[in-house]
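Remarks on the overall topology
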Amino acid sequence: MHALAPPAARRRNPYARAAVRRRIVAVLRPTAAILPITERFWSVIDHGVAGRVARFDPSITDEIEVNNRPLRFRLPLQPPALAASAESRLLAFSCIEPYPRGRWPPAARQIHRVDLFCRFFFSSGARIRSTRAEVPMEDAESGPASWPEMADVEPVPQDDGPSPVVSIEYRDDFREVMDYFRALYFAGERSARALRLTVEAIELNAGNYTVWHFRRLILEALDSDLLEELDFVNEIAERNPKNYQIWHHKRWLAEKLGPDIANNEHEFTTKILAIDAKNYHAWSHRQWVLQALGGWEGELQYCNQLLQEDIFNNSAWNQRYLVITRSPLLGGITAMRDSEVDYTIEAILANPQNESPWRYLKGLYKGENNLLVADERISGVCLKVLKNDWRCVFALSLLLDLLRSGLQPSEELTGTIEAMKNSDPEMADADLAMTVCSILQKCDPLRINYWSWYKTTLSSQT
């Protein structure tokens, strides 16, 4: 993918998006083979601005691939003129990037250059066509030095001391923004221009916790619309989904806005988790929102959906446990245990090598080993799995815990374990628990030292 600037330089000020859209439309409209720009289509273009790749074929599918992940959109039908064009079967934007601020040639300060890379697919193959267009730079981004409201501000350069060991070579636009930021920050100014400047600083480095902290102080001082702020931070979070400072800022906003915002926050984390199901920040935020602001109504169904899509999703199993133990709507673990045991056993029998439901099953009886041992379904699922695969470590491990806690095995279970022992002449242990432990030493070599230690604890009990 052709690049004009590092990813950080390609990130756009969300407050300037309307201007950016006008400029790009001005470039795109004269091109006959290009579809009309719509709000949905713009969301794809925005991924391109953020340095990602988006491609789609509206004549074949309504799926769009962004960073190799399919996303489904409702695309407008092709206009008849385009449908008749041999070159309009597929249009893809590999990149739509403005030159970074401050890097344009001096003679081109009034021109905003945009490189458009359009890929057209034909029945005979594919080729890439590149066009360069120049449009006036009206409303284009510029640094704080050119903002009229900053005329009275004296920038404060970064103080690296008299003899810095390794001086960082900052880009000019970064240095300019941070110099003005320091001036307002040291002055303790809470103003509209300071708020605007934090946007610039965040776009350049979304992980700067000092900038986020200062922004919160300004928002409070100005009594700003926090719903608008939530829209802003959500957009930044979509581009930086694993940034601690952004998620902390979202929590701060949610605390201020209260329970009315809970469902919106759940919708946002659902969107993030659809891209990365293991995003720790999104899960942590979702759990905090549930417990602090509510929104439990559809959470168990959400867990069901995730596990239907991927039964190995350990994060979804963890979330399910939180829901059945903490939700004020379900009656707690006591009320849910029976149905959850059935659900979990079904998942185990479908995929015995999936560790998550085994852990979940045992967690359903946390602190109540007597109930775990007494429930015949637990030893029963161990027996069913071991009949088909006597080397299943998860079934053996749970069975060992049951035996150690006082399980009186059925004749069928005893016979199954004896058959395992007889298949290996080295296993001479008479005790069933010792036999299972010996099998685990062979089947689970990664933890052989643990099982050897476990065996000594069994010996001390006899």
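If you're wondering where the values come from, they're calculated on a predicted model, not measured in any experiment.

Spanning twelve residues, helix α18 (residues 393-404) covers 16 Å between terminal C-alpha atoms, matching the ideal 16 Å at 1.5 Å per step. Most of α18 is tucked away, with eleven of its twelve residues classed as buried. For α18, every residue scored as buried is listed here: Val393, Phe394, Ala395, Leu396, Ser397, Leu398, Leu399, Leu400, Asp401, Leu402 and Leu403. A positive phi of about 110 degrees marks Gly406, the residue just after α18.

Evaluated as defined, the whole model comprises 16 aromatic pairs. Ring geometry for Phe181 against Phe214: centres 5.6 Å apart, planes inclined by 80 degrees, an arrangement best described as edge-to-face. One end of the pair, Phe181, is in helix α5 (residues 172-187); the other, Phe214, is in helix α7 (residues 209-222), with 33 residues separating them in the sequence. The buried category is assigned to Phe181, whose relative accessible area is 4%. When the centroid spacing of 6.0 Å and the interplanar angle of 85 degrees are considered together, the rings of Tyr321 and Tyr360 count as edge-to-face. With Tyr321 in helix α13 (residues 314-326) and Tyr360 in helix α15 (residues 355-363), this pair connects stretches of sequence that are 39 residues apart.

The subject of this paragraph is the pattern of salt bridges. Within the structure shown, the criterion is met by 22 salt bridges. Between Arg320 and Glu340 there is a salt bridge, with the nearest N and O atoms lying 2.7 Å from each other. Taken together, the residues span a long stretch of sequence, with Arg320 in helix α13 and Glu340 in helix α14 (residues 332-350) at a distance of 20 residues. Judged by relative accessible area, which is 3%, Arg320 ranks as buried.

Right, let's get into the packing of helix α19 (residues 411-422) against helix α20 (residues 432-443). Each pair of packed helices can be summarised by the angle the axes make with each other and by the distance between the axes. Two elements in contact, α19 and α20, have axes separated by 10 Å at closest approach and are oriented at 50 degrees. Considered as vectors, α19 and α20 are oriented oblique to each other. Our pair here, α19 against α20, has a crossing hand that is left-handed. Here Thr414, Ile417, Glu418, Met420 and Lys421 of α19 lie close against α20, whose contacting residues are Leu432, Thr435, Val436 and Ile439. Of the residues that constitute the contact of α19 with α20, the class distribution is five nonpolar, two polar and two charged.

So, on to the nonpolar core. Judged by nonpolar contacts, the single largest core of 99 residues is most densely connected at Trp358, Leu399 and Leu400. Counting residues per element, this core draws most heavily on α18, at nine residues. Per-domain counts for this core show at least three residues from each of domain 1 (143-159 + 168-224) and domain 2 (389-461). Beyond its immediate stretch of four places on either side in the chain, Leu400 contacts Ala433, Val436, Cys437, Leu440, Trp451, Tyr454 and Leu458.

Moving on: the confidence of the model for the chain. Put simply, the chain has an average pLDDT of 75, and 67% of its residues get 70 or more. Of the regions scoring below 50 in pLDDT, residues 1-140 engages in 248 contacts with residues more than four places distant in sequence or in other chains.

Turning next to unusual backbone geometry. Despite not being glycine, Asp223 shows a phi value in the positive range, around 50 degrees. The residue Asp223 is located in the loop between α7 and α8 (226-239) in this model.

α15 packs onto α14 with a crossing angle of 155 degrees between their chain directions and a minimal axis gap of 9 Å. Comparing their axes, α15 and α14 come out roughly antiparallel. Of the two possible hands of crossing, α14 and α15 adopt the one that is left-handed. Between α14 and α15, the contacting residues are Glu340, Val341, Thr344, Ala347 and Ile348 on the first element and Pro357, Trp358, Tyr360 and Leu361 on the second. Taken together, the residues that form the contact of α14 with α15 break down as seven nonpolar, one polar and one charged.

About the cut-offs
- Residues numbered from 1 in each chain as written.
- Predicted model: local features only at pLDDT ≥ 70, side-chain atom pairs only at ≥ 80, totals over all residues.
- Heavy atoms only, no water.
- Helix = DSSP H or I, 4+ residues; strand = E, 2+ residues; numbered from the N terminus.
- Expected span 1.5 Å × (residues − 1).
- Buried < 20%, exposed > 50% of the residue type's maximum accessible area, 1.4 Å probe, protein only.
- Phe/Tyr/Trp six-rings, centres within 6.5 Å; stacked < 30°, edge-to-face > 60°.
- Salt bridge = Lys/Arg side-chain N within 4 Å of Asp/Glu carboxyl O.
- Axes fitted to C-alpha atoms, helices over the stretch in contact; angles between N-to-C directions.
- Parallel < 35°, antiparallel > 145°, perpendicular 65-115°, else oblique.
- Left-handed = near helix turned anticlockwise from the far one by under 90°.
- Contact = heavy atoms within 4.5 Å.
- Nonpolar A, V, L, I, M, F, W, Y, C, P; charged D, E, K, R; others polar.
- Core = buried A, V, L, I, M, F, W, Y, C linked by side-chain atoms within 4.5 Å.
- Domains from an automatic or database assignment.
- pLDDT = per-residue confidence, 0-100.

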